[in-house]
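Chain by chain, the residues:
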Amino acid sequence: LVGFQPHSGQDDYQGPKGRPSPHKYGGDYEAQRHWMEITYHLPISEWYWHSLEYWGLDYPPLTAYVSWVCGFVAHNVGSLHDKMMLENDSDDADTNITHTDTSDYDNVCQTDDDVECILDDDAEYIQSTSEKEQQIDEQRGGLKAIKDLVALHSSRFGYEDALGKMYMRFTVLLLDLLVYMSAVIAIAKRLIDTKSSFQKESSSSNSIVTTSDWFLLTALTQPALLLTDHGHFQYNTTSLGLALWSFYFMTQTSFVGCVIGSVLFSLALNFKQMELYHAPAVFAYLLGRCFCNENYTKQQQSSGMNFFGKFCALGVSVILTFAVLWLPFAIYPRASLSTKFHLDGISQVLKRLFPFQRGLFEDKVANIWFSLSVKPLSIRSRISPDLLPLAALLLTLVMILPACFMLYRVGQRNTHYSPKKNLEFLLWGSVSISLAFFLASFQVHEKGILISLAPLSLLALDANGFVIWFSTVATWSLWPLLVIDRLCEAYVCCLVIFLCINAMTRPTQLSGEVIFLRSNLATVAAVLSLAAMLCLHFAEWRLVPPSHLPDLFPVLWSLLGCGLFCISYLATIWAMSMKYNTTSTKLNTHSKQRSHSSGKGWRKFFFLSYFGIVATLGEAFSPATHQTIHRGVSCCSCLSAGKESDYFIPNSDHLERARVLLPWEEQSKKDSQPVLNLNLSAKNSDRLPLADGLDDDAVAACDETNTTPCSWEDGKVWRETEQALVAFGILVKHDSDNKSKELTREVIIDKVPQLLRLPTDQIVESASFFVGNSTEELPNLVLLQ
């Protein structure tokens, strides 16, 4: 439906206030068509040199090769017109001869006006012949239109045949299907449990909608992507699909997947240079994977898969990919150069890809630099133009460092973590880092927000509310561009359809929402931001800007969009820190004597260090020691639960009830056997009891008649247990807002006082078993009991 709307620059329309250029025609649609024209008809040495004033090629080599393929197909399919014309001329000659020889003049009549008429069979024959000729003429013209679409020089300045447009739209749809949609489906299969589904009842009938259906609809109906690629006309989903495929392979357990992923990401970089927004995320994660050398088998160790070997494997794969794509521009130099191998072609490609002379940003984009350029700040007049790229670089580095560090750590711990969790974290990291580039880097375009939107749309299971809100904001930020393209109706329809799909198919419960912002403050902020966006729409519709402020509304659009994107960036860092702390806790339950930093300190550090203003105010990180249990599984020192004065101190009633043996402890005492009997029947071998419990002598030594206090009576054992349960998400922190009284530690201790004395490491082991093996989300109170 979006494809039936106008494309960028159609009929040379440049917006309500724009004026056609005498040197160019149209917009991105004409640019893409022109690249098909020059890549097919000109030698490769001229692709990045030819007629640069008229939509010169300024995308990486892979885009040029794809344009050549599209031009080749268009030219050769259109050439069928010539063949059909020759065949038809031959058929016409044979038909005329046959008809002359078999003419039956008995069927010719004479009218009163001496005009001959043809009756019966001849009349039907001539009518069918004329219809056939008309059909062939239509086919000739249609095929000819496709060939003329890429005709050298003659197709410029306004060739907009309907069939040519259909061919152009088809190329976008085909690449979208082959690259982007396939990547989304592959990632969905990994992120979603195939057994999970939910049932939605309507008033008319009952229908079962799987979580996978909702997930795919959310990712594939993103309004901003549809409007940009299928309306405005670009091939963004091709590069984004290659990047998503690379994420999919990089997060596989085998390091071979990392090599395949590096090749795919190199292809994405060579399709659109804006994929550099994802490059730091990929580099940090793969660097961590290179240092991940634990739990290797002897075969892997003997094969030399150490840091140096893995790093070289990644480097060789990237170098070879770039060499294959770039070497033709050095091997085939321009005719003016005498040598057979020259780097002048490669340098010209680089100049076209990175035009620093265009300035700090392009048009009115919702990022930090444009916001600081508005009066009275006018940062571009206060800082030398030579220093602006350096300032943009430094600010971008400051903003990407937190996400890069966490990605490196997650990659380093890959052997203890599932591909699903690694993929989720890499998606979050790519969103955060690409947002940092969009907000702070040099030469940013408003369509750059799509680089963040694509991976975020695949995180609906983690934070559905945030995904829907961000998708709306990203689409809304493109409004000034869509007005120029006359896509206003499509904008409204796509947003409404997207929101309706999510409202009608969204699962009733999403466990991943727990890790993200669910506070009332986040809800109020989202509602206020949506109200502000609607108010700007209404104001632009009903109000006329002052004559001395003709660009008032586009500027307000960019300023509000910048603020909302800054909030989004902080939200992604917060989400990453929450997942990182949870990840660290669960990983350390399977490692020995490791230390990690306090989660609360990390979150404070991240939020205080952004934008390079208060980076020195971050909390220091304190290492924590961990105990090692007899099964070789260690219990981590988990997130800090509060200050020493906030620790829970049990009363006498708690201590008395805690001494009461649990049923399985009584049975153990009677049978004089350990609770966890590995020799039990196979039907019970998949069950793991809560803990082995205390020895009989230990329990007896802690009764009320003994004057020696037990080691757990001061609450130290419970403090460690509480920290571990908080880290697992089973118990909320005591200093947080508790909406459910069942989640407070006082209520928990009152219900299960034996938690005061049960060993923490065994509780953590049991919790790890239930959380990792349960196919459904168990109530927290059930887990504790």
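Check the entry above for the structure.
Below is a short write-up of the structure. Remember, predicted model here, so these are calculated numbers, not experimental data. (Residues numbered from 1 in each chain as written. Predicted model: local features only at pLDDT ≥ 70, side-chain atom pairs only at ≥ 80, totals over all residues. Heavy atoms only, no water.)

Side chains of Trp68, Val69, Phe72, Val73, Val77 and Leu80 sit close together on the surface and give an oily, nonpolar patch of about 460 Å² of accessible area. It is helix H2 (residues 61-78) that contributes the most residues to the nonpolar patch, five residues altogether. Looking at Phe72, the relative accessible area reads 38%, which means it is partly exposed. (Patch = residues over 30% accessible without salt bridge, like charges linked within 9 Å, V, L, I, M, F, W, Y side chains within 5 Å. Areas by Shrake-Rupley, 256 points an atom, 1.4 Å probe, with all protein chains shown as cover. Salt bridge = Lys/Arg side-chain N within 4 Å of Asp/Glu carboxyl O. Helix = DSSP H or I, 4+ residues; strand = E, 2+ residues; numbered from the N terminus. Buried < 20%, exposed > 50% of the residue type's maximum accessible area, 1.4 Å probe, protein only.)

Throughout the structure, instances matching the rule amount to 26 aromatic pairs. Summarising the aromatic geometry, the rings of Trp47 and Tyr65 are spaced 6.0 Å apart at their centres and angled 65° between planes, so their arrangement reads as edge-to-face. Note that Trp47 is positioned in the loop between helix H1 (28-41) and H2 and Tyr65 in helix H2, a separation of 18 residues in sequence. Judged by centre distance (6.3 Å) and plane angle (25°), the rings of Tyr65 and Phe329 are stacked. Of this pair, Tyr65 sits in helix H2 while Phe329 sits in helix H12 (residues 307-331); the two residues are 264 residues apart in sequence, bridging distant segments of the chain. Three or more aromatic residues joined by ring pairs form one cluster here, namely Trp428, Phe438, Phe466, Trp469, Phe470 and Phe565. Taking NZ or CZ as reference, Lys24 lies 4.3 Å from the ring centre of Trp55, over its face. (Phe/Tyr/Trp six-rings, centres within 6.5 Å; stacked < 30°, edge-to-face > 60°. Lys NZ or Arg CZ within 6 Å of the ring centre and 35° of its normal.)

Another aspect to go through is the side chain of Thr63. By secondary structure assignment, the location of Thr63 is in helix H2. Within the local environment of Thr63, its side chain forms a polar contact with the backbone oxygen of Phe271, the two atoms lying 2.3 Å apart. (Polar contact = N/O pair within 3.5 Å; in protein donor to acceptor, adjacent residues only side chain to side chain.)

Okay, the nonpolar core next. Core analysis: the largest hydrophobic core is formed by 150 residues, its most contacted members being Leu244, Leu439, Phe470 and Phe565. Residues within four places of Leu244 in sequence aside, it is in contact with Tyr180, Ala183, Val184, Ile187, Leu427, Pro455 and Leu458. Val717, Ile749, Ile763 and Ala767 belong to the second largest nonpolar core, which has 17 residues in total. (Core = buried A, V, L, I, M, F, W, Y, C linked by side-chain atoms within 4.5 Å. Contact = heavy atoms within 4.5 Å.)

Two numbers describe how helix H5 (residues 162-191) lies on helix H7 (residues 223-233): the axes approach to 9 Å, and their chain directions differ by 150°. Viewed along their axes, H5 and H7 adopt a mutual orientation that is roughly antiparallel. Together, Met168, Arg169, Val172, Leu173, Asp176 and Tyr180 of H5 and Leu225, Asp229, His230, Gly231 and Phe233 of H7 make up the contact between the two elements. When grouped by side-chain class, the residues that make up the contact of H5 with H7 number six nonpolar, two polar and three charged. (Axes fitted to C-alpha atoms, helices over the stretch in contact; angles between N-to-C directions. Parallel < 35°, antiparallel > 145°, perpendicular 65-115°, else oblique. Nonpolar A, V, L, I, M, F, W, Y, C, P; charged D, E, K, R; others polar.)

Before going further, it helps to spend a moment on the environment of Gly429. Position of Gly429 among the secondary structure elements: in helix H17 (residues 419-440). The class of Gly429 is buried, set by a relative accessible area of 0%. Separated by 23 residues in the primary sequence, Gly429 and Ser452 have C-alpha atoms spaced 9.9 Å apart. Among residues more than four places away in sequence, those in contact with Gly429 are Ala281, Leu407 and Met576.

Turning our attention to the environment of Leu439. Residue placement: Leu439 occurs in helix H17. For Leu439, the contacting residues outside a window of four places in its chain are Ala366, Asn367, Ile368, Trp369, Met399, Cys562, Phe565, Cys566 and Tyr569.

As a packed pair, helix H19 (residues 464-477) and helix H22 (residues 520-542) sit with axes 11 Å apart at the nearest point and diverge in direction by 20°. The angle between H19 and H22 places the two elements in the roughly parallel class. Every pair of crossing elements has a handedness; the one defined by H19 and H22 is left-handed. The residues of H22 that touch H19, namely those facing Trp469, Thr472, Val473 and Trp476, are Ala526, Ser529, Leu530, Met533, Leu536 and His537. Looking at side-chain class alone, the contact of H19 with H22 contains seven nonpolar, three polar and no charged residues. (Left-handed = near helix turned anticlockwise from the far one by under 90°.)

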